[in-house]
Amino acid sequence: MTDWSVPQATRAGDLIVMYRTSPASEIRDLWVVKGTFGENNRFGKMACMDRLVRLKKPLSFDELKNARTPRDITVVRMQFQGKSDITADWPAICALILARNPQARRHLGDFAVD
């Protein structure tokens, strides 16, 4: 488990798609929120999370930017700056993740989108 800052609307049970900028610009880990707790003066709302899956083949920013559907996704256009609610964009991102990581489907359970 780890503690991390999350968007204000986050609730226990939510899926968190962690986009890292360093050492590579990519989505490597997907997390599930176990509980939220308080505010941090510097980072805002905080949550306790468990890693759901580490992707064997991370999804790079270049792959997202060059894909047909995701390049129109708000967080891709914003280059993943800040904390964003990607609920509406999840089906497109999930499809790309599962195309590269079919074994992740069993970890995603109800979060997987066909």
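Note that the structure is predicted; figures quoted are calculated from it, not measured. (Residues numbered from 1 in each chain as written. Predicted model: local features only at pLDDT ≥ 70, side-chain atom pairs only at ≥ 80, totals over all residues. Heavy atoms only, no water.)

## Describing the side chain of Glu-26
Put simply, the rule reads: For the purposes of this entry, the term helix denotes a DSSP run of H or I that reaches at least four residues, the term strand denotes a run of E that reaches at least two, and both are numbered from the N terminus. Polar contact criterion, stated in full: a pair of N or O atoms within 3.5 Å, where within protein one must be able to donate a hydrogen and the other to accept it, and residues adjacent in sequence count only if both atoms are side-chain atoms. In this analysis, two residues are considered to be in contact whenever any of their non-hydrogen atoms come within 4.5 Å of each other.
Its place among the elements puts Glu-26 in strand β3 (residues 26–40). One polar contact links Glu-26 to Arg-28, side chain to side chain, over a distance of 3.0 Å. Residue contacts for Glu-26: discarding those within four places in its chain leaves Met-18, Tyr-19, Arg-20, Pro-58, Leu-59, Ser-60 and Phe-61.

## Some words on the side chain of Asn-101
The criterion, for reference: Per-residue accessibility, obtained with a 1.4 Å probe over protein chains only, is compared with the maximum for each type, and a residue is labelled buried under 20%, exposed over 50%, and partly exposed between these values.
Within the secondary structure, Asn-101 sits in the loop between α3 (90–100) and α4 (105–108). Classification of Asn-101 as buried rests on a relative accessible area of 1%. Only 3.2 Å separates the side chain of Asn-101 from the backbone nitrogen of Lys-56, close enough to count as a polar contact.

## Here's the deal with the pairing of β3
Residues in a regular strand point their side chains to alternate faces of the sheet. The line we're drawing: Note on pairing: DSSP must find at least two bridges between two strands before they are called paired.
Relative to β3, strand β2 (residues 15–20) runs antiparallel, the two sharing six bridges. Directly across from Val-17, in β3, lies its bridge partner Leu-30. Bridge count between β3 and strand β4 (residues 44–60): 12 bridges; the pairing is antiparallel. From the neighbouring strand, Gly-35 faces β4, where its bridge partner is Cys-48. The loop that links β3 with its antiparallel partner β4 comprises three residues.

## Regarding the confidence of the model for the protein
Inclusion rule: A residue's pLDDT is simply how confident the predictor is in it, with values from 0 to 100.
The predicted model of the protein has a mean per-residue pLDDT of 84, with 84% of residues at 70 or higher. Per-element confidence in the protein ranges from a low mean pLDDT of 62 for helix α2 (residues 74–77) to a high of 94 for α4.

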